[in-house]
Amino acid sequence: MTRTHERAEDTFPLVYQCRLPLSTSTVNYLADLLRRHLKAIRSRWRALPPGRIAVIVLAVLRHEQRLADLAGGNNVSESTVRRWRDELIGLLATQAPRLDRALKKIAKRGGQVVLIDGTLIRTQRRTGRADRRNYSGKLRSHGLHFLALTDERGRLIWISAARTSSTHDNTAARHDHILAHLRAAGLGALADPGFRGLDNDIRDPVIVTGFAATRTHKLTPGQKEANRVLAVGRAPVEHGFAHLKNWRILTKLRIDPARATHLLRALLVLTNLEVNR
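Just so it is clear, the model here is predicted, and its values are computed rather than measured.

Q: Pulling in residues and values, what's your account of the overall build of the protein chain?
A: Across its full length, the protein chain carries eleven helices and seven strands. With respect to the principal axes defined by its C-alpha atoms, the protein chain has extents near 90 × 40 × 30 Å. Buried residues in the protein chain amount to 44% of all 277 residues. When contacts within the protein chain are restricted to residue pairs at least 6 apart in sequence, long-range pairs at least 24 apart make up 64% of them.

Rendered as structure tokens:
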């Protein structure tokens, strides 16, 4: 009895081409980052060249391609693609700006205000006690909360660490000392009513949230107009979130939530490469 290693005629994998809507400069940046890392750790070998690895990882992040599909199309194992993805995410995350440096850069350019807002990234449902921590009763879904700062034009400048979905915007902002960093940089911030109470300085407020009506106090026409102007000024922050969420891996996170912070900061770097080129 002889043993053959040849595949049947109809079992060969089918491979198709897919367009990646990213610039060549982004691919080159990621490939150069990997080359410098390989040189630093004195690793001379990978199954594929850095340029090919960069394209594979970008396909995972942009289109959320299945790791097994990309592995089969490039004749490598699924674990190898996963290792490449985690490696490049870590390298990109280290390039993300710190909060104090990002604000000082805005002030140096002549900026006067930044825009701040929080959002939720949906995640898979988890098992055990971790299930309730990541559940948002407001949105009725599992997710992670994070804050983001943009400039006046809506370009992302900083992203906070990912936290449980039950975290309030003010709690996250206090944990990151955003108010103190804004005062140190001499900048103001426009925010939605969710940040009311964060800045209690009546004479010289740094964070402007507008006016809120109560049961006993209705807004005056002047206060309504001030809220409308504030809403117009805050609108670009949603553009920043839209650019970030173009990376389809954020549609529903399937990675370990402990890695979510590195992923978000890596996508911040890639988003700025695409938007600011």
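Continuing now.
Q: I'd love a proper account of the layout of surface pockets, names of residues and values included.
A: Estimates place the volume of the largest pocket at around 530 Å³. Considering the residues around the largest pocket, the lining is formed by 19 residues, among which Val15, Tyr16, Cys18, Leu70 and Asn74 are closest to the centre. Only helix H2 (50-63) and helix H3 (67-73) provide two or more residues apiece to the lining of the largest pocket. Broken down by element, the residue count for the lining of the largest pocket peaks at five residues, all from H2.

Q: Talk me through the packing of aromatic side chains; I want residue IDs and the actual numbers.
A: This model, assessed by the stated rule, comprises one aromatic pair. The ring centre of Trp247 lies 4.8 Å from the NZ or CZ of Arg62, which sits over that ring.

Q: Describe the side chain of Arg85, and please don't skip the residues or the numbers.
A: With respect to the helices and strands, Arg85 occurs in helix H4 (residues 78-93). Within the structure, the side chain of Arg85 is placed 3.1 Å from the side chain of Asp86, a separation counted as a polar contact. For Arg85, the residues in contact, after removing those within four places along its chain, are Val57, Val60, Leu67 and Ile255.

Q: Please provide a residue-by-residue account of the packing of H2 against H4, values included.
A: Relative orientation of the contacting elements H2 and H4 amounts to 85 degrees, with a least axis distance of 10 Å. Relative to H4, H2 is oriented roughly perpendicular. For the pair formed by H2 and H4, the contact residues are Ile53, Ala54, Ile56, Val57, Val60 and Leu61 on the first element and Val81, Trp84, Arg85, Leu88 and Ile89 on the second.

Q: Which residues make up the pairing of strand E3 (residues 141-150), and what values go with them?
A: Both faces of the sheet carry side chains from a regular strand, because those side chains alternate between them. Among the ten residues of E3, ten are classified as buried, and the element is accordingly described as predominantly covered. Alternating positions in E3 separate into two faces, Ser141, Gly143, His145, Leu147 and Leu149 on one and His142, Leu144, Phe146, Ala148 and Thr150 on the other, with burial throughout. Where E3 lies against strand E4 (residues 156-159), three bridges are found, and the strand directions are antiparallel. Residue Leu149 lies in a different strand from E4, and its bridge partner there is Trp158. Linking E3 back to E4 in an antiparallel pair, the connection comprises five residues, with Gly154 at a positive phi of about 90 degrees.

Q: Account for the packing of helix H1 (residues 24-40) against H2, naming residues and giving values.
A: Here H1 crosses H2 at 120 degrees, and the two axes come no closer than 8 Å. Accordingly, the angle class assigned to the pair H1 and H2 is oblique. Crossing angle aside, the handedness with which H1 passes H2 is right-handed. Contact residues: H1 offers Thr26, Val27, Leu30, Ala31, Leu34 and Arg35, while H2 offers Pro50, Gly51, Ile53, Ala54, Val55 and Leu58. Tallied by class, residues from the contact of H1 with H2 come to nine nonpolar, two polar and one charged.

Q: Explain helix H10 (residues 236-244) to me, using residue names and the numbers behind them.
A: Within the span of H10, buried status applies to Pro236, Val237, Gly240, Phe241 and Leu244. Buried residues of H10 fall within an arc of 155 degrees about the axis and therefore sit on the same side.

Rules used in this analysis
Residues numbered from 1 in each chain as written. Predicted model: local features only at pLDDT ≥ 70, side-chain atom pairs only at ≥ 80, totals over all residues. Heavy atoms only, no water. Helix = DSSP H or I, 4+ residues; strand = E, 2+ residues; numbered from the N terminus. Buried < 20%, exposed > 50% of the residue type's maximum accessible area, 1.4 Å probe, protein only. Contact = heavy atoms within 4.5 Å. 1 Å grid on protein atoms, 1.4 Å probe; cavity = no way out; pocket = protein on both sides within 12 Å on 5 of 7 lines; lining within 4 Å. Points joined across faces, edges and corners; volume = space filled by probe spheres on them. Phe/Tyr/Trp six-rings, centres within 6.5 Å; stacked < 30°, edge-to-face > 60°. Lys NZ or Arg CZ within 6 Å of the ring centre and 35° of its normal. Polar contact = N/O pair within 3.5 Å; in protein donor to acceptor, adjacent residues only side chain to side chain. Axes fitted to C-alpha atoms, helices over the stretch in contact; angles between N-to-C directions. Parallel < 35°, antiparallel > 145°, perpendicular 65-115°, else oblique. Pairing = 2+ DSSP bridges. Left-handed = near helix turned anticlockwise from the far one by under 90°. Nonpolar A, V, L, I, M, F, W, Y, C, P; charged D, E, K, R; others polar. Arc of directions from axis to C-beta.

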